[in-house]
Amino acid sequence: MLAFVGVLAFSGSFPATVYAMRGFDPWLVAVGRAAVAGALALICLTAARRPLLPPKGRRTAYALISAGVVFGFPLFSGLALDLGASTSHAAVVTGLLPAATAACAVLRAGERPRPLFWAACTAGALAITVFTLTRQQGEAAWPDLLLMGALLSAAVGYTEGGRLARHTPGWQVISQALVLSLPVTLPVTAVLALTTPVTFTFDAVAGFAYAATISMFLGFFPWYAGLARGGIARAGQTQLTQPLLTLVWAWFLMGERFGPATVAAALAVLVCVAITQRART
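Quick summary incoming for the structure in this document. These figures come from a predicted structure and were not determined experimentally. (Residues numbered from 1 in each chain as written. Predicted model: local features only at pLDDT ≥ 70, side-chain atom pairs only at ≥ 80, totals over all residues. Heavy atoms only, no water.)

Overview of the packing of helix α9 (residues 170-195) against helix α11 (residues 220-230)
Item 1. α11 packs onto α9 with a crossing angle of 120° between their chain directions and a minimal axis gap of 7 Å. When the interaxial angle is binned, α9 and α11 end up oblique. By crossing handedness, the relation of α9 to α11 is classed as right-handed. Along the contact surface, α9 presents G170, W171, V173 and I174, while α11 presents F220, F221 and Y224.
Item 2. Its residues placed into classes, the contact of α9 with α11 shows six nonpolar, one polar and no charged. (Axes fitted to C-alpha atoms, helices over the stretch in contact; angles between N-to-C directions. Helix = DSSP H or I, 4+ residues; strand = E, 2+ residues; numbered from the N terminus. Parallel < 35°, antiparallel > 145°, perpendicular 65-115°, else oblique. Left-handed = near helix turned anticlockwise from the far one by under 90°. Contact = heavy atoms within 4.5 Å. Nonpolar A, V, L, I, M, F, W, Y, C, P; charged D, E, K, R; others polar.)

Structure below.
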């Protein structure tokens, strides 16, 4: 249940990013949301009288979290949406995130999954490849490459955060990762705010607020806690619902229409990822 609450929060990230980019530059949205979340994290850690920075022995893992979910996923996904990828298309392409997260967990834990695991991963990758190529008339497009970068970034950040949350509360893990990133996110946000066009509309502000407070910060509280308690691969099964939830938000909030090919691709990915979760153990 904890992990599902996190997935529910993350499922609104793509629509929120699209709304935010109606008034803000994509780079400002990606970095600025991390700066705002970092400020909130600083307040929470101070109020709870917890260390602002992680222990020195674990800073490499925290750096991977920052690279993955603080910088990588927001930047890659935001640029993909800015270059024309619809939220429904992005949801399908990133539908392999549960499998990627499980694969990272397997590699980090040193386990040896059965061949069925890798067969299902390959089938899911092929389904995504066919879908993206047919949508782009047989040619790979920058948005799809960026979305794959977002997928891999999130998988690394989720795995490292889930591992650390076994010993440190999940909210503290994401908070310290955000504070660790503040020396970069704050000055870059200030420069971008002064040098890029900014239009304050209700949609843009609401989207940015959601991306900064929910997607970048509060959503990780239950998500990391769920991964720590239920296991990264097991609790990661709740990510199976994220593509379909995002499709619902895209239809409800933005009026996007998606055809049978998009739905079929999403369902194919769900089947493949479900097999990887079953085959892992």
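A closer look at the nonpolar core
Item 1. V69, Y158, L178, F220, W223 and Y224 are the most contacted members of the largest nonpolar core, which totals 76 residues.
Item 2. The element best represented in this core is helix α4 (residues 59-82), accounting for nine residues.
Item 3. Residues contacting Y224, with those up to four places away along its chain left out, are I65, V69, G157, Y158, G161, G162, A165, G170, V173 and I174. (Core = buried A, V, L, I, M, F, W, Y, C linked by side-chain atoms within 4.5 Å. Buried < 20%, exposed > 50% of the residue type's maximum accessible area, 1.4 Å probe, protein only.)

Considering the packing of aromatic side chains
Item 1. Applying the stated criterion across every chain, the model contains 12 aromatic pairs.
Item 2. Summarising the aromatic geometry, the rings of Y158 and W223 are spaced 5.2 Å apart at their centres and angled 65° between planes, so their arrangement reads as edge-to-face. Here the residue Y158 occupies a position in helix α8 (residues 142-164), and W223 occupies one in helix α11, the gap between them amounting to 65 residues. Both residues of the pair, Y158 and W223, belong to the buried class.
Item 3. Taking 5.3 Å as the distance between ring centres and 50° as the angle between the ring planes, the aromatic pair formed by F220 and Y224 counts as tilted. With F220 and Y224 both in helix α11, this residue pair falls four residues apart, about one helical turn. Judged on exposure class, the residue F220 and its partner Y224 are both buried.
Item 4. The structure contains a cluster of three or more aromatic residues connected by ring pairs, namely F10, Y158, F220, W223 and Y224. (Phe/Tyr/Trp six-rings, centres within 6.5 Å; stacked < 30°, edge-to-face > 60°.)

Section: the environment of G12
Item 1. Relative to the helices and strands, G12 resides in the loop between α1 (2-10) and α2 (13-20).
Item 2. The exposure class assigned to G12 is buried, which follows from its relative accessible area of 12%.
Item 3. For G12 and L247, which are 235 residues apart along the polypeptide, the C-alpha to C-alpha distance reads 9.6 Å.
Item 4. Apart from residues lying up to four places away in sequence, G12 is in contact with Y210 and W249.

Points about α1
Item 1. Among the residues of α1, A3, G6, V7, A9 and F10 are the ones counted as buried. Relative to the axis of α1, the buried residues are bounded by an arc of 160° and lie together on one face. (Arc of directions from axis to C-beta.)

Observations concerning the packing of helix α3 (residues 26-47) against α9
Item 1. Contact geometry of α3 with α9 gives a least axis separation of 6 Å together with a crossing angle of 130°. The pairing of α3 with α9 is recorded here as oblique in orientation. As for the relative orientation of α3 and α9, their crossing is left-handed in sense.
Item 2. Partitioning the contact of α3 with α9 into residue classes produces 19 nonpolar, seven polar and no charged.

Some thoughts on the pattern of salt bridges
Item 1. With the rule as written, the count across this model stands at two salt bridges.
Item 2. Between D203 and R22 there is a salt bridge; the shortest N-O distance is 3.1 Å. Here the residue D203 occupies a position in helix α10 (residues 202-218), and R22 occupies one in the loop between α2 and α3, the gap between them amounting to 181 residues.
Item 3. The closest approach of N and O atoms between E160 and R163, which form a salt bridge, is 3.0 Å. Taken together, the positions of E160 and R163, both in helix α8 and three residues apart, correspond to about one turn of that helix.
Item 4. Residue classification places R163 among the partly exposed positions, given a relative accessible area of 27%. (Salt bridge = Lys/Arg side-chain N within 4 Å of Asp/Glu carboxyl O.)

That is the geometry; function is a separate question.
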